[in-house]
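Structural description and commentary
Listed here are the chains, written in short residue letters.
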Amino acid sequence: MKQAGKRYWRSLDELADSPELRRRVERESPSLASQIWTAASRRDFLKAMGASLALGSLTGCRWPKEKIVPYAHRPEGRVPGKPEQFATAMELAGVARALLVTSYDGRPLKVEGNPEHPESRGASDAYAQASVLELYDPDRSKDVVLRQNRQRIVQTWDQFDAFAKAAFSELRRRGGDGFSVLSEASSSPSLYDMRARLQQALPMMTWYEYEPVSRDNERLGTAMAFGRPCRAHPALDQADVILSLDSDLLMNSPVAVKHAMAFASRRRAEDFRMNRLYVVEPVVSVTGAMADHRCATPSRLVPRFACKLAGELTSDPALGTAADKAALAPLLQQTLPAMPPFFADIVRDLRENRGRSLVVAGPRQNPGVHALAAWLNHVLGNAGKTITYTAEVDPDRPAHVDAMRALVSEMKAGRVDTLLVLGGNPVYNAPADLEFAQQLDRVKTLIRVGLYEDETSLACDWHLPQAHFLESWGDARAYDGTISIVQPLIDPLYDGRTPIEILATALDEEPRRCYDIVRRTFGRLSSAADVEPAWRRALHDGLVEGTRFKPDVPMPLADALSKAIEGIEKEGGGSDASPIEVVFVQDHSVHDGRYANSGWLQEMPDPLTKLTWDNAAAVSPALAREQNLTEGDVVRISCDGTSIEAPVVLLPGQATGSIALPLGYGRRAAGRVGTGVGVDAYNLRPSTAMYTRRADLMKTGRRYPLAATQDHFIIDPVGHEERERRSRELIRELTLAEYKAGPRQLATESARKPRFSLWREHEYEGHRWAMAIDLSVCTGCSACVVACQAENNVPVVGKDQVKRGREMHWIRVDRYFSGDPDSPSISFQPLTCHHCEDAPCEQVCPVGATQHSHEGLNDMVYNRCVGTRYCSNNCPYKVRRFNWFNNLKRLSDFQKMQLNPEVTVRSRGVMEKCTFCVQRINLAKIAAKNDRRALVDGGITPACAQACPTGAIVFGDLNDAESRVAKLHASGRSYALLEELNIKPRTKYLARLRNPAERT
C-alpha cells in the first residue's frame, strides 16, 4: 500500500535528522552509546571478553542452599505451589476497580481485571497492575508513631487504643464539639455506615472530603442543568459520532477501562460500523491521539468553541427553543476564535446522527461547559441512548475544594481541637493559597491514617499505619454503583488497620474487626433471604448483585442553557486575554502523587512524552520557537507572584498557548523511590484555579537531563533517506473509505518479491503460537508494559540507567507522529519479540542460548548466555534487553515475596526478552493434559493481552484455523513488520483505520 508520501517520526530530533540522533542510530542502539570503543587494543578486547565469560559462568552457578519446611498438616483444599485466584477490589479516588488476584501459597503476585464485573470484564490498567508492588513496598509505614517535641516515638496499637479511649470519651461528653474528620474520597458503604454512626454519637462533629483531582465540575454542571447533581455514563459503543471537549475518556477517567473497551468495539470496522471521534483539547491526551479529527485549542477557549457549536446547532429549527436561541445570541455576537477546519463536519455529523451521537466534557472544564454538554445531548436526542445518568450517592456533599476551604476556615477560627485524617495527603496536595499545613499548628491533636509516613504524617501527632487493600476487608462501589467486597489475600505485613477500624475505635463499640463491620453492612444491603450463600456468592463473583445504580434520564431545566452560559462567563470561560496558560494535568504514572514510590510506574514511559522518572512542562514546538527553548531547558513558570522552575519537554500537538504541567511530583517524603523526583506543581495551584490559570514563562539558562525513551531502540537503519523510507513501512494506515473500497496490498514491493530461506522450514505437528496486534484500537496506555513487568520479574533500573538506554521492559509501545508538528496525527505500536521463524538472533549466538522450540517459540536458555549481545545486534526489532546489573540482588525479604516463582529470576550479564509468557502456555497445557481435553482458543492469554483494555493484543495457535489469531493473520489489514527481511515474524499487525469526515 502506498503511503502517499506520509512520513512517520518518533521525535522532533528524528524529524529534523539531528546529528545527535544520527550518532545514536549509527551505534545501532542507545544502550551501547557509552560502551563504544573508538580505538580498542587487543588487550582491551581480551579483558572485556574475559569479563563476559566470567559473568556467563556465574549465571550457571546454583543458588545457595535453603531449607524448605513442609506442611505438617496441609490446609483443606490447598495444593502447595498451585496458584489460586480471588476476587477483590481496589478503590482509587472513590471509585472501585474490580479485580481478580492470583496468589501463590498465600502470596498475592498478579492482578487482573474481574471478567464477571460489567466495568472491567477482565481488563485492567497500569495502576491496578502495579498495586502488588505497593503491597510489598518496604517503605510502607510499619509503626504506630507519636511525635512529641519534634521526636519520633514508636508506640504500640495498645498504647494508641488507650489514648483514643480517653480522647474520644471526652469528645463524646462534649457531643463532638471541636472534632473534625478529613477523608479522601471513598465509596465504601461500610465507611458511610461508620460515618453515620459516628455523627450520631458525636452530633457536633464535622466531616470533610478532599481529592486533589476530582470530577466536581461535572457534578456541579449537571446540577446546573438538571437541578440536582448527577453522574454521567456515556456509552461509547452506542455512539456513531463522539465529540470530546477536553475529556480524556480513554485514559484519565474513573471508568477508562470500560470506555476504552467500548470505544474499541466500534473501531475494528470489520462490519463497517466504525464510529468517528472529534477531540478539542489544549493538552495532548490519549483520547486525542485516537481521534479522527483533533483541534489543539487553549483551555480558556474550549468554552467558546462549545458555545459556537451550540449556536450553529440551534440554527436548525428542530433543535432548541426560542428561549435557547435568545440565550445564545449575545455570546455569538462576540468575537469568537477561529474554528478548526472540521468545525462544519462536526455540526453536520451531530445533526445527522441525532440519538446516535455523544458530547462529553472533561473535568478541567468549568461547570458551565458540563451543563452545556448535558443540554446538547438532550436536544440531540442522545439522553437515554448514548448517555444515561444516575443520582449521586451523597448529593449534598460540597465540592472538594469548597470542603477544604471550609476546614481551613474552621482551623483558622480555632474551632478544631482534634483532626482525624483518613488517607490522602493534604499537606502535599491541598491548594497552595489555603496554607493548610500552616493551619495545622492551631489544632491540638492531629491523627493520621496512611500507607506511608508522608508529608501529612510528618505534620501530625499520631501516625497510624494503614492496611493495604490486598491485606484487609472492605467494600467499595464502582462508578455505576455496583458494590464489590474487598477481601484480603494475605495477613497484614506491617500490622496496619483500615479507616473503618479506626472509626470503630473512636466509637468504642463492637464490632471492631473490619470483617465483622463489612459483613454487617452486607447483611443490611443484601436483599437475599439467606445472607450466608449470598455473601459467599459475592466473595466468589467479586460483586454484589442488584447494587448497580438505577439509570435515569433527567430533563434539563427550562433555563438550563442560560445557566450554562452564565456559568461559563462567571468562570471566565472564553476570555482570550492571556497569551499563555498553565494547565494542571493528572499524571499517567503517579496519578496525583500517591504512586510516587512505585518504581514500576515511575519507569513506565509516559504514553505521549515518553518521559520516565520526572515531570516536565510540555510546550508546543511553536511556543518553543517563540521562546527560544529546546528540550531540557529549565524555565520559570510564574503565576501571580508564585513561581516554580521546571524542565521543558517539546510535545507536538500541544496548543500553542498552553503549558501542560503534570501533578504528583516533587514529593518531600514519599519513600526511597519517590522522594525528590520531579517538580511540585501543586505550589502553583490555588483553590480559585484548580486546573488552568494564566502564567508567565521565562528561560533560566539552566539545563536539566530528562530520561525519555522516545529515541531508544530505534529500528530504522542509518541514513536520513533510508530511514524515511523504512519508517513509512513500520506504521500502516487506512481510512475507512479506502478499506471499504476493497482489498489493499499492505506488503511493500520489496516484501512481495519471492524469497528463499537458507534453512529448512520448521514443521509443527502440534501448536504454532503467534500474536496479532490491532493498531486501530491500541491506545498506548502501557497497561501491557506493567503487566509484563509484574508477570515476568522484569526489574526496575532507575533514572540513570534509563538515560543510558538500559531500561529492561520486555514490551515497549512506540509512539509515532505524522504530519504537521504543530498539529500531528499520533499512532501507537506495541513492540515485543516477534518469535521469528528464521530468527536472526538464533543464527549468531555462539553458545546456543537462544533456540527455536518445536512450537515456534524463540526460547532463551539463561544459564547458557555469556552476554556477547550478538543476538541484540542482529535483532532488527531491537526488543532484546541486556541485563547490565543484578537489579534484583538487593531486594528486601518482603520484596522477594512479589517475584513470580514460575519465571526465572535473572542475574546480570544475560539477554532477556519476551517469551510469549511461556510459563502460562505450559501451565495451560499441563492442566489440559490432566483433564484429558484439548486446548481451546483463548485458553492461554499472555499477561500483556490479559491486561489490555481494548483487546488490541490477541494470542493463539496458528495451526488452529478457527482461532482468532489465525483469522487476524489472514485479515485484509494484516501485515508483518520488516517482512522484506524474510525472517518470518510470528507477530503480525493490523493496519490502523481512521474514519475522517468526508469534506463537502
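Residues numbered from 1 in each chain as written. Predicted model: local features only at pLDDT ≥ 70, side-chain atom pairs only at ≥ 80, totals over all residues. Heavy atoms only, no water.

**A word on the overall build of the protein chain**
In terms of helices and strands, the protein chain carries 35 helices and 40 strands. Taken across its 1000 residues, the protein chain has 61% of its residues classed as buried. In the protein chain, the share of contacts with a sequence separation of at least 24, taken over all contacts with a separation of at least 6, comes to 75%. By element, 50% of the accessible surface of the protein chain is carried by carbon and sulfur atoms, the whole surface being about 39,800 Å². (Helix = DSSP H or I, 4+ residues; strand = E, 2+ residues; numbered from the N terminus. Buried < 20%, exposed > 50% of the residue type's maximum accessible area, 1.4 Å probe, protein only. Contact = heavy atoms within 4.5 Å. Areas by Shrake-Rupley, 256 points an atom, 1.4 Å probe, with all protein chains shown as cover.)

**Topic: the sheet that holds strand β12 (residues 293-296)**
Ordered by their spatial adjacency, four strands build an open sheet running β12-β11-β10-β13, and the pairing between neighbours is parallel. The sheet is open, and its two borders are formed by β12 and β13 (357-361), each paired with just one other strand. Direction aside, neighbouring strands of the sheet carry axes that sit 10 degrees apart on average. In this sheet, β13 lies alongside strand β10 (residues 241-245) in parallel orientation, the contact comprising five bridges. The residue bridging Leu 243 from the neighbouring strand is Val 359, located in β13. (Pairing = 2+ DSSP bridges. Axes fitted to C-alpha atoms, helices over the stretch in contact; angles between N-to-C directions.)

**Some points on the pairing of strand β15 (residues 418-422)**
Buried residues dominate β15, accounting for five of its five residues. Side chains Thr 418, Leu 420 and Leu 422 project from β15 onto one buried face, and the interleaved Leu 419 and Val 421 project onto a second face that is buried too. Of the pairings in the sheet, the one linking strand β7 (residues 179-183) to β15 comprises five bridges and is parallel in character. Its bridge partner being in β15, Leu 182 is matched across the sheet by Val 421.

**With respect to the nonpolar core**
Nonpolar side chains in soluble globular proteins generally cluster together in the buried interior. Among the nonpolar cores identified, the biggest contains 77 residues, and Tyr 877, Phe 916, Ile 953 and Leu 977 are the most heavily contacted of them. Excluding its chain neighbours within four sequence positions, the residues that come into contact with Leu 977 are Ile 715, Glu 729, Leu 730, Gln 829, Leu 831, His 834, Tyr 877, Pro 985 and Tyr 989. Leu 236, Met 290, Ala 310 and Ala 787 belong to the second largest nonpolar core, which has 65 residues in total. (Core = buried A, V, L, I, M, F, W, Y, C linked by side-chain atoms within 4.5 Å.)

**What to know about the packing of helix α7 (residues 189-201) against helix α19 (residues 499-507)**
In contact at an axis separation of 10 Å, α7 and α19 are set at 20 degrees when each is read in the N-to-C sense. When the interaxial angle is binned, α7 and α19 end up roughly parallel. In this structure, the crossing between α7 and α19 has a hand that is left-handed. Counting all contacts with α7, which are made through Ser 190, Leu 191, Met 194, Arg 195, Arg 197, Leu 198 and Ala 201, the residues of α19 involved are Pro 499, Ile 500, Leu 503, Ala 504, Ala 506 and Leu 507. Here the residues of the contact of α7 with α19 are counted per class, giving ten nonpolar, one polar and two charged. (Parallel < 35°, antiparallel > 145°, perpendicular 65-115°, else oblique. Left-handed = near helix turned anticlockwise from the far one by under 90°. Nonpolar A, V, L, I, M, F, W, Y, C, P; charged D, E, K, R; others polar.)

**Remarks on helix α9 (residues 256-264)**
For an α-helix the count is 3.6 residues per turn, leaving residues at separations of three or four pointing the same way. The buried fraction of α9 amounts to eight of the nine residues, a majority that puts the element mostly inside the structure. Listed as buried for α9 are Ala 256, Val 257, His 259, Ala 260, Met 261, Ala 262, Phe 263 and Ala 264. Tucked into the core, α9 has its buried residues touching β9 (230-234), β10 and β11 (276-281).

**Things to note about the sheet that holds strand β30 (residues 769-774)**
Taken in spatial order, the four strands of this open sheet run β37-β30-β39-β38, and their pairing is mixed. Across the chains shown, the open sheet's two edge strands, defined by having one partner strand only, are β37 (953-957) and β38 (974-975). Examined bridge by bridge, β38 and strand β39 (residues 987-990) share two bridges and lie antiparallel to one another. Bridge pairing in β39 places Tyr 975 opposite Tyr 989.

**Notes on the side chain of Glu 837**
Mapped onto the fold, Glu 837 is located in the loop between β32 (825-831) and α30 (840-844). A relative accessible area of 10% means that Glu 837 is categorised as buried. When residues no more than four places from it in sequence are discounted, the contact partners of Glu 837 are His 762, Tyr 764, Arg 768, His 852, Ile 983, Lys 984 and Arg 986.

**Some words on the pattern of salt bridges**
As enumerated under the stated definition, the model contains 67 salt bridges in all. For Arg 276, the salt bridge goes to Asp 349, with nearest N and O atoms at 2.8 Å. With Arg 276 in strand β11 and Asp 349 in helix α13 (residues 343-352), the pair connects residues that are 73 residues apart, well separated along the chain. One exposure class covers both Arg 276 and Asp 349, and it is buried. Ionic pairing is found between Arg 702 and Glu 645, a salt bridge with its closest N-O pair at 2.2 Å. In this pair, Arg 702 sits in strand β27 (residues 696-703) while Glu 645 sits in strand β24 (residues 642-650), placing the two residues 57 residues apart along the sequence. You can call Glu 645 partly exposed: its relative accessible area is 30%. Each member of the salt-bridge network shares a partner with another, and the members are Lys 110, Glu 112, Glu 791 and Arg 920. (Salt bridge = Lys/Arg side-chain N within 4 Å of Asp/Glu carboxyl O.)

**Some details on the packing of helix α6 (residues 157-173) against α19**
Running from amino to carboxyl end, α6 crosses α19 at an angle of 55 degrees, the nearest separation of the two axes being 8 Å. Classed by the angle they form, the pair α6 and α19 counts as oblique. Here α6 contributes Trp 157, Phe 160, Asp 161, Ala 164, Phe 168 and Arg 172 to the contact with α19, which in turn contributes Ile 502, Thr 505, Ala 506 and Leu 507. Of the residues assigned to the contact of α6 with α19, the class counts are seven nonpolar, one polar and two charged.

**Thoughts on the packing of aromatic side chains**
This structure, assessed with the given rule, holds 19 aromatic pairs. Ring centres 6.1 Å apart and planes at 45 degrees place the aromatic pair Phe 160 and Phe 163 in the tilted group. Here the residue Phe 160 and the residue Phe 163 both occupy positions in helix α6, the gap between them amounting to three residues, near one helical turn. Classification of Phe 160 as buried rests on a relative accessible area of 2%. Here Phe 882 and Trp 884 contribute two aromatic rings whose centre-to-centre distance is 4.9 Å and whose plane-to-plane angle is 90 degrees, an arrangement assigned as edge-to-face. (Phe/Tyr/Trp six-rings, centres within 6.5 Å; stacked < 30°, edge-to-face > 60°.)

**Comments concerning helix α11 (residues 302-314)**
Spanning 13 residues, α11 covers 18 Å between terminal C-alpha atoms, matching the ideal 18 Å at 1.5 Å per step. With eleven of its 13 residues buried, α11 lies for the most part within the structure. Three or more residues of α11 are buried, namely Val 302, Pro 303, Arg 304, Phe 305, Ala 306, Cys 307, Leu 309, Ala 310, Gly 311, Leu 313 and Thr 314. (Expected span 1.5 Å × (residues − 1).)

**Quick word on unusual backbone geometry**
A cis amide bond links Glu 510 with the next residue in sequence, Pro 511, at an omega value of -5 degrees. Relative to the helices and strands, Pro 511 is located in the loop between α19 and α20 (514-525). Although it is not a glycine, Leu 978 adopts a positive phi angle of roughly 55 degrees. Mapping Leu 978 onto the fold places it in the loop between β38 and β39.

**Observations regarding the confidence of the model for the protein chain**
For the protein chain, per-residue confidence averages 86 on the pLDDT scale, and residues scoring 70 or more make up 89% of the total. Ignoring residues within four places in sequence, the model shows residues 28-40, a span with pLDDT below 50, making 26 contacts including any to other chains. This stretch, residues 723-728, has a pLDDT under 50; its non-local contacts, to residues over four places away or in other chains, come to 17 contacts. (pLDDT = per-residue confidence, 0-100.)

**Here's the deal with the side chain of Ser 141**
Within the element layout of this structure, Ser 141 appears in the loop between α5 (131-135) and β5 (144-148). Looking at Ser 141, its side chain comes within polar contact range of the side chain of His 463, at 2.5 Å. For Ser 141, the residues in contact, after removing those within four places along its chain, are Gly 450, Leu 451, Tyr 452, Glu 453, His 463, Pro 465 and Tyr 494. (Polar contact = N/O pair within 3.5 Å; in protein donor to acceptor, adjacent residues only side chain to side chain.)

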